[in-house]
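Per-entry structural report
Below are the chains, spelled out letter by letter.
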Amino acid sequence: MQRRQFLGTAAIGGLAATLSAPVLAADTAALPNLAAKAVPIGKAERVARIAKAKELMRANDIGALLIEPGSSLIYFTGVEWWRSERLTAAVLTREGEVAIVTPFFEEPSVRESLGVEAEVLTWNEDENPLAAVAAWLGKRGLAKGKIGVEETVRYFAVDGLEKAMPQATVVNGAPVVRGCRMHKSPAEIALMQIAADITLAAYRHTAPRIEAGMTPADIGAIMKAATIALGGKSEFELILLGEASAYPHGSGKPQAVKSGEVVLMDCGATVHGYQSDISRSFVYGKATARQRQVWDQMRKGQDVAFAAAKLGTPAGQVDDAVRAYYESLGWGPGYKLPGTSHRTGHGIGLDGHEPVNLVRGETTKLAPGMCFSNEPGIYIPGEFGIRLEDCFYITDSGPKWFSEPPPSIDKPFG
């Protein structure tokens, strides 16, 4: 689930002031580093990715591909950079060649994370970086034809490329990028598994420490400290209490843990860039019959989605199966509330949200290496919401969990 934490949720009393860094560090000192043996993605795998991109460019009649900083740049080149008005980007060709264009004064820094063989094209402040790209491609006979851009490339770069290469046609490079990134390798799956293990272990550390009166910030601080101690990079801690749990991304109203109310936690970690995304919902104190019923129905919704995620099935049919089940219980219909107002799941990998999604109308067929969240939450505005989220990946024999869904509302962490 995409995260957003309102500042207002930490505005009332609680224990935030007492949860200092030394206190949290002492409390997590005994936690093991679960990422100690994690193996980062190496040069050989990135070379294989470029080779696959080369094949996909040829299959889609694309001569070259432009990629700006972000997860796709890391995926293909290892370069960890940021986006600014000064263009840094990678160019991949259908012959498997790679160039990095970057400001002259940034070259040494860019080279530090460069993980493949590449020509570095530098430009000075009074020069046009897209002209350098056009010249480099022109020398390779690629001044005409289709030039792909990764989906998130900014307009000024697209516009500049079109002006620098008037005889070329700039097209969406998604068939190449998605064709590579949607299918995770065993090395990627292994890193995502460790990230999931860390998040579950952090939950198990955090849950017994939750007390009445705590705010989302208090709980999030404990979860974050545990995640870091366990060897992960903390990505997000979305904590929704009471009525706020009925709204998938929370509420700006003050919140505190109260007996008999829902605690919804949506948290994740990264290990060498690969993400986990796990949600748990439970009741602090004694759950009501209605809370138990909704929890059980939502939990079965996960099983319905998992069972529908068969190899070769269009991704949208997973969402359809869950909605059909929920509608039989009186929720919805469709995306209406009370019920499930968001998609059943999203792709996940280097980004917390990646194509494709488990959403109505999505025709992409499930294939080995695809990874998804499974989170068909049920939300009742004005009352509470229940969201359980576990990720899975597709194998040759069907779906497999990264984290096992919990058995009951009384055992939310297994």
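Just so you know, these numbers come straight off a predicted model, no measurement behind them.

Regarding the nonpolar core
Taken as a class, soluble globular proteins show a tendency for nonpolar side chains to be buried jointly. Formed by 62 residues in total, the largest nonpolar core has its most connected members in Phe 76, Leu 92, Tyr 203, Ile 219, Met 265, Val 271 and Phe 402. Top contributing element to this core by residue count: helix H8 (residues 186-206), with 10 residues. If near-sequence neighbours (up to four positions away) are discounted, Phe 76 is found in contact with Arg 46, Arg 49, Ile 50, Ala 53, Ile 67, Leu 92, Val 116, Val 177 and Cys 180. Listed in part, the 32 residues of the second largest apolar core include Met 182, Ala 308, Leu 388 and Ile 409.

Observations regarding empty space enclosed by the protein
For the coordinates displayed, the defined rule picks out 3 cavities of 30 Å³ or more. One number sums up the size of the largest cavity: a volume of about 50 Å³. Surrounding the largest cavity, Met 192, Ala 196, Gln 275, Ser 276, Asp 277, Ile 278, Ile 348, Cys 391, Phe 402 and Ser 403 form its lining. Residues belonging to the lining of the largest cavity are distributed by class as follows: 6 nonpolar, 3 polar and 1 charged.

A closer look at the environment of Ala 287
Within the secondary structure, Ala 287 sits in the loop between strand S10 (278-284) and helix H10 (289-308). Sequence separation between Ala 287 and Leu 65 is 222 residues; the distance between their C-alpha atoms is 54 Å. Once residues lying within four places of it in the same chain are set aside, the contact partners of Ala 287 are Arg 292 and Ile 409.

Observations concerning the environment of Gln 167
With respect to the secondary-structure elements, Gln 167 resides in the loop between helix H6 (155-164) and strand S6 (168-172). When the C-alpha atoms of Gln 167 and Leu 142 are compared, they prove to be 9.6 Å apart, with 25 residues separating the residues in sequence. If near-sequence neighbours (up to four positions away) are discounted, Gln 167 is found in contact with Ala 143, Lys 144 and Gly 145.

A closer look at H6
Every buried residue of H6 is listed here: Ala 157, Val 158, Asp 159, Gly 160 and Leu 161. Buried residues belonging to H6 abut strand S1 (62-67), helix H5 (129-138), strand S5 (145-149) and S6.

A look at the layout of surface pockets
If a probe as big as a water molecule is rolled over the atoms, it shows which places are left empty. In this structure, the largest pocket occupies an estimated 460 Å³ of space. In this structure, the largest pocket is lined by 20 residues; those nearest its centre are Ile 74, Glu 80, His 272, Gly 273 and Leu 350. Those elements giving two or more residues to the lining of the largest pocket turn out to be helix H2 (43-59), helix H3 (71-77), strand S7 (233-241), strand S8 (261-271) and strand S9 (274-275). If you tally residues by element for the lining of the largest pocket, the top one is H3, at 3 residues.

Focus on the pairing of strand S12 (residues 354-358)
S12 sits mainly inside the fold: 4 of its 5 residues count as buried. Bridging between strand S11 (residues 345-347) and S12 involves 2 bridges; their strand directions are antiparallel. In the sheet register, Gly 345 faces S12, and the bridge partner there is Leu 358. The antiparallel hairpin formed by S11 and S12 contains 6 residues in its connecting segment.

Considerations on the packing of H8 against helix H9 (residues 216-229)
Packing of H8 against H9 brings their axes to within 9 Å, and their N-to-C directions diverge by 135°. Considering their axes alone, H8 and H9 lie oblique with respect to each other. Here H8 runs over H9; the crossing is right-handed. Across the interface between the two elements, Ile 198, Thr 199, Ala 202, Tyr 203, His 205 and Thr 206 of H8 pack against Ile 219, Ile 222, Met 223, Ala 226 and Thr 227 of H9. For the contact of H8 with H9, the class distribution of residues is 7 nonpolar, 4 polar and no charged.

Conventions and cut-offs
Every chain begins its residue count from 1, and numbering advances along the sequence as written. Note on the predicted model: pLDDT of at least 70 is required for a residue's local features to be given, and 80 or more for side-chain atom pairs to be given and counted; whole-chain, interface and lining totals, by contrast, use all residues. Only heavy atoms go into the side-chain values, all of them from the structure, while hydrogens and water stay out. For the purposes of this section, nonpolar cores are sets of buried Ala, Val, Leu, Ile, Met, Phe, Trp, Tyr and Cys residues that join through side-chain atoms within 4.5 Å. Residue burial is assigned from relative accessible area. The probe radius is 1.4 Å, only protein chains are included, and a residue is buried under 20% of its type maximum, exposed over 50%, and partly exposed in between. Each helix is a run of H or I in the DSSP string that is no shorter than four residues. Each strand is a run of E no shorter than two, and both are numbered from the N terminus. Contacts are residue-level and defined by heavy atoms, with any inter-residue pair within 4.5 Å sufficient. In this analysis the probe radius is 1.4 Å and the grid spacing 1 Å, with only protein atoms considered; a cavity is a set of points the probe fits into but cannot get out of, a pocket is an open set with protein on both sides within 12 Å along at least five of seven lines, and lining residues have an atom within 4 Å of a point. Grid points are joined across faces, edges and corners, and a volume is the space filled by probe spheres set on the points. Three classes are used, and their members are as follows: Ala, Val, Leu, Ile, Met, Phe, Trp, Tyr, Cys and Pro are nonpolar, Asp, Glu, Lys and Arg are charged, and the others, Gly among them, are polar. Two strands form a pair only when DSSP identifies at least two bridges running between them. Here the axes come from fitting lines to C-alpha atoms, over the contacting stretch only for helices, and the angles between their N-to-C directions go from 0 to 180 degrees. Put simply, angles under 35 degrees are roughly parallel, angles over 145 are roughly antiparallel, angles from 65 to 115 are roughly perpendicular, and the rest are oblique. For a crossing to be left-handed, the near helix must be turned anticlockwise from the far one by less than a right angle; the clockwise case is right-handed.

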